[in-house]
Amino acid sequence: MAFLIDPPRSSSLRPARRKRAIAIALALICAILPLSGQDPDASPLSPRIANYRIDVALDAENHSLKGRQFLLWHNQTEFPTSELQFHLYMNAFRNNLSTYMKESGMRSLGEDPGAWGHIDVTEIRVQPVPPRVTLEERDGLVEEVRPVISHFDQPPTAADMPDVTDRMSFIWPDDGNVHDRTVMRIPLAEPLAPGEYVWVYCTFDLQLPDPAHDRTGALDDYFLVAQWFPKIGVFENGAWNCHQFHANSEFYADFGVYEVDMTVPAHFVLGASGVEVEVRHNNDGTRTHAYRAEDVHDFAWTTSPDFEVHHDKLGDISLRLLIQKEHAYQAQRHLDVVRKGLARIQELLGPYPYAQLTVVDPKPGAGATGGMEYPTLITAGTSYGTPSRIRLMEATIVHELAHQYFYGLLASNEFTEVWLDEGFTTYLECRVMKDVYGSKGSTIDLWDLRVNELDVRRRGFILQPGGDPMLLPVWTYNSVRSYVINAYNKPALALTTLEHYLGTEVMDDLLRTYVERFKFRHPKSEDFVALAGEVSGQDLGWFFDQLLHTNRVLDYTVIRVRSRPAPKPAGRDSEAVTLETGKYTNEVTVQRLGDFVFPVKVQFMYEDGATEIEHWAGDEPWKKFTFDSEQRLTAARVDPDNQIPMDANLVNNSRRRLPDPEPAEREATRWLMRFQLLLELFAW
Amino acid sequence: MRKPHFIDCLRRALPAVPRYPRTLLTLLFANLVAALVCLAPFWMAFESYSKRRVVGDGGLLDPHFLVDFLFYRQGSWDLAKGMLPISIGLYALFSVFLSGGVFSVLFQGRGDHAALFWRDAGRFFPKFVMLLVWSIPLFALAPLLHGGVLLALEAIYGPELPAAVEFYGGWAALALPALGWLLYLRVFDYARIYMVTTGQAPASLALYEGVVFVGRRFFSVVGLALSVAVVLALWFWLYAEARGFLPESGWLLILLQQIWMLGRQAARLWLYDAELRLFRKLRTRAPLKAVGLPPRRRLPV
Ligand SMILES: [Zn+2]
């Protein structure tokens, strides 16, 4: 099963500014025509910059792995690079001196050495591949000539590659913590020019932490192997984007092809990103599972003898559920939400482009590996006996499904623009939960207690609505709480607010276009902002500037409602005057309590039940509406239809002219019986 | 086959209940007042929040508002929650106080008797409280039962329980003390009945008698209580059905609630009266007049 790099193609450019055109053409060609798929005629979905072949064997007893890996990396930028940088994420758990441990405030992972994780790269060899693309000018046109085809599945012989093991060093680009070993640097003998490929071979020893931490690790014979292999950073704009592993941050990587052979005990069930292409039975009681994942930017896998495997289908997508035996009775419940959720997400965002999706139910006690997204593999998490109307597992699955787009396809930088991943995902999670389970109690639906996913997010948000600007490198937020609010809750509420502002149709158009245009790329905040302007046909800079770059709080309130009988004309020269006014003179004062400016609707409510809407740009500190009416005014409220969930305080959104005890009485009636029943438990 | 004793007691007790309308109303009224006391701080919290606001159809518990209510009115909410256990505790004591009167008038069996009711309520209250004090060792069994179940499960399955065992075992560990509690309530009933029927007795002895009676007549005791519980459950089902026809709030609903609660108090009287009958019928030994040896006879000089 060969698959080819650089199938012959041609392209043409106008004969202006030749040299620059050549450079740009080269970059473009590289971006558009990278590694091909299994079908040599089909063009690949992604640029295929970082392509891995990994062989790894699990020592289930010791929770350790031994691996060897070939990476074929393609410099598709316009810049040369004189070094390569790799993430060694597992070293975050190496000791308590790592940046991860310091930021998370953990003093130790435990006395047992097996509680700690680490990765040691034992050998590194690097060999650049000459560029396969040449450009020739003929008759004033630049033409690409690709005579040689390189085989990804025929990597060079490792022993023939130059050994650079002793040139490897650790760097600390974010915080200068010299004890942190999560970023490795390898200088190149010769700078790698734009368009060139390089083969990197390495061997590594890996120890998984037990119990698991931050979505990776082991628990007895359960393994969730993630953030595990030496993973190259993203080379962009002439520099490496390769951050250390931080307590709150997730990841950023380039797309490529992964061919991974995992050897595990023969009785273990295995699931991984991509699809299984082959299983080999070995003589030593192990089995090797060969997986292939195309056009993804990470690879994670899990294995355990305790999984029960369930299959389902959604269109052409095969769904594979690995569920703990003791949760097996919930298998249908898992598959239901995967099918319904993914179907709805595809309606909203476009087709899921991969053949398979694997859902993993973590072992009880290894909850740290739950609720995580990897390309084509997600982890959920449930517990025995969870009532079907408490849909926390469902919300988690919907969240991770949404990540297949906002993370999987749109590989934004989670270190510095986390809202593009977690925020969009959380927004979609709220929407899809509502669409699938109804708008009254999408997450919890127990008797009188009905909680929607968006309410859950609002609960988190109002704890600190003005902590930090949303767009900050994740490790610079003032607290974990601020990270959670700005990564998840606030963006979800802001995007819902935007949806209501633009209209759902425009929002859907915007989301779909965003996915369509930026899939398999690294969109940035400004890309989305510009696109939002383009699709909606209006300048939304005022909204996003406040949202992304300031910590402003949105809060509008009604502070005064007055309504008095209009005075009859009186005094000198007033006898003949008949005023064209109503019977009542009204005054409503609305105030902007926060510094976030947002246009609001103001609703006036009259005694006969009639209502009237006024619009206020919300830019002044306050606004007084003075008007006459036939009916007496009873109340006024801002945002009467609850269209602005970003409003930090909904309690103050309305005001009555006269107090109305009725709602409290109504509630009291219901509670009276509850208390009477409760007391009977204590009537001895 | 012979009919169980408790059925007979229940059958005889039922017609007796309507003869105690004032006792019934007293129980209902106590419950209602106590519920209002519990409710008041919550009501105030609701009102301070809602009287100047436009509240949607979902009411205050509309999750959209609930989130903000709980956050921005945390102070009044916490106060209301904090006062709740105090109110409940006071009500529990008051209901123990009332039970002295209830058992007395039922024991006499001549219908309502206000003077007797209040006199005996006061007379037995300290004794009943002593009974509660003597029950503390029994209460201590609850956590032991709970821990015992968990330990037993661990002994069988090892330290890592299968999820199903952990789940159902966890429930069992909760249910067992709860069942124990229900059983204790019976002991408490019969201990009080012992005190009321014998006139005088130290709390420790009454408690002992209660335990012995419940132990010896276990099936009758449980069968009787269970029968009343089933009737009560049916009564609740009727109430829940009827509730569906009424608006979400308003006087009609309150009225219906009070009718239900009246039924619940009637069931309580029914239970107490049947228990009294059962006790008198099945207690093998004649009630002791006093503890220890019979009074010493003065010997002729
Ligand atoms: Zn997420």
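Residues numbered from 1 in each chain as written. Chains lettered and ligands numbered in written order. Predicted model: local features only at pLDDT ≥ 70, side-chain atom pairs only at ≥ 80, totals over all residues. Heavy atoms only, no water.

In the nomenclature of an unreviewed UniProt entry, chain A is known as M1 family metallopeptidase of Sulfidibacter corallicola.

Asker: An account of the overall build of chain B is requested, with residue identities and associated values reported.
Answerer: A tally of regular secondary structure across chain B gives ten helices and zero strands. When the helices and strands of chain B are listed from N to C terminus, the series reads α-α-α-α-α-α-α-α-α-α. Burial analysis of chain B (301 residues in total) assigns 44% to the buried set. Contacts in chain B between residues far apart in sequence, at least 24 positions, make up 77% of those at least 6 positions apart. Counting only carbon and sulfur atoms, one obtains 72% of the accessible surface of chain B, whose full area is about 16,200 Å². With 31 positive and 17 negative side-chain charges, chain B shows a spacing of 20 Å between the two charge centroids. (Helix = DSSP H or I, 4+ residues; strand = E, 2+ residues; numbered from the N terminus. Buried < 20%, exposed > 50% of the residue type's maximum accessible area, 1.4 Å probe, protein only. Contact = heavy atoms within 4.5 Å. Areas by Shrake-Rupley, 256 points an atom, 1.4 Å probe, with all protein chains shown as cover. Lys, Arg positive; Asp, Glu negative; His and termini not counted. Charge placed at Lys NZ, Arg CZ, Asp CG, Glu CD.)

Asker: Residue-level account of the UniProt feature "binding site: Zn(2+)" (unreviewed entry) in chain A, with values.
Answerer: Residue and element names in this part refer to chain A. Those residues carrying the UniProt feature "binding site: Zn(2+)" (unreviewed entry) are His399, His403 and Glu422 in this numbering. Spatially, the listed residues are clustered: although they cover 24 residues, their C-alpha atoms lie within 8.8 Å of one another. Counting through the fold element by element, His399 comes out in helix α4 (residues 392-409). On the basis of relative accessibility, which here comes to 8%, the residue His399 falls in the buried class. If sequence neighbours within four positions are ignored, His399 has contacts with Glu422, Thr425, Thr426, Glu429, Arg457 and Tyr488. Summarising the element assignment, Glu422 is placed in helix α5 (residues 422-437). (UniProt positions renumbered as here; feature names shortened; annotations may be inferred.)

Asker: Can you tell me about the sheet that holds strand β15 (residues 256-265) of chain A, naming the residues and giving the values?
Answerer: Residues and elements named next belong to chain A. The seven strands are arranged β4-β9-β2-β1-β15-β18-β17 in an open sheet whose pairing can be described as mixed. If you trace the sheet from one side to the other, it starts and ends with β4 (118-129) and β17 (275-281), each paired once. Strand-to-strand, the axes of this sheet are offset by a mean angle of 15 degrees, without reference to chain direction. Pairing between β15 and strand β18 (residues 286-296): ten bridges, direction antiparallel. Bridged to Asp261 within β18 is Ala290. (Pairing = 2+ DSSP bridges. Axes fitted to C-alpha atoms, helices over the stretch in contact; angles between N-to-C directions.)

Asker: Please give an account of the interface of chain B and chain A that cites residues and values.
Answerer: Opposite the 65 residues of chain B that make contact, chain A presents 51 residues. The junction of chain B with chain A conceals about 5,500 Å² of combined surface from both sides, 65% of it contributed by carbon and sulfur atoms. Run the count over chain B and chain A and you get two salt bridges. For Asp68(B), the salt bridge identified is with Arg458(A), shortest N-O distance 2.4 Å. The interface formed by chain B and chain A holds 17 residue pairs in polar contact (both at pLDDT 80 or more) in total. For the side of chain B that touches chain A, the secondary-structure elements that each account for two or more residues are α2 (21-50), α3 (63-72), α4 (74-108), α7 (163-198), α9 (218-243) and α10 (251-282) of chain B. Examining the composition of the side of chain B that touches chain A, we find that 13 residues originate from one element, α2(B), more than from any other. Of the residues in the side of chain B that touches chain A, the class split is 42 nonpolar, eleven polar and twelve charged. (Buried area = accessible area lost by both parts, 1.4 Å probe. Salt bridge = Lys/Arg side-chain N within 4 Å of Asp/Glu carboxyl O. Polar contact = N/O pair within 3.5 Å; in protein donor to acceptor, adjacent residues only side chain to side chain. Nonpolar A, V, L, I, M, F, W, Y, C, P; charged D, E, K, R; others polar.)

Asker: Residues and numbers for the packing of α5(A) against helix α6 (residues 453-461) of chain A, please.
Answerer: Residues and elements named next belong to chain A. Between α5 and α6, the shortest axis-to-axis distance is 8 Å and the interhelical angle comes to 145 degrees. Residue-level contacts link Thr426, Glu429, Cys430 and Met433 of α5 to Glu453, Leu454 and Arg457 of α6. In the contact of α5 with α6, the residues fall into three nonpolar, one polar and three charged.

Asker: Outline the domain arrangement of chain A, listing residues and values.
Answerer: Residues and elements named next belong to chain A. Once the domains are mapped, chain A shows domain 1 (1-303), domain 2 (306-409), domain 3 (411-552) and domain 4 (556-666). In this assembly, 23 residues from domain 1 lie in contact with 16 residues from domain 3. When the two sides are added together, the surface that domain 1 and domain 3 hide from each other amounts to roughly 1,600 Å², 60% of it contributed by carbon and sulfur. Of all residues in domain 1, the largest losses of buried area upon contact with domain 3 belong to Asn248, Glu250 and Tyr252, amounting jointly to 39% of the total for that side. One can count zero salt bridges joining domain 1 with domain 3. Here domain 1 and domain 3 share three residue pairs in polar contact (both at pLDDT 80 or more) between them. Taken together, the residues of the side of domain 1 that touches domain 3 break down into eight nonpolar, nine polar and six charged. (Domains from an automatic or database assignment.)

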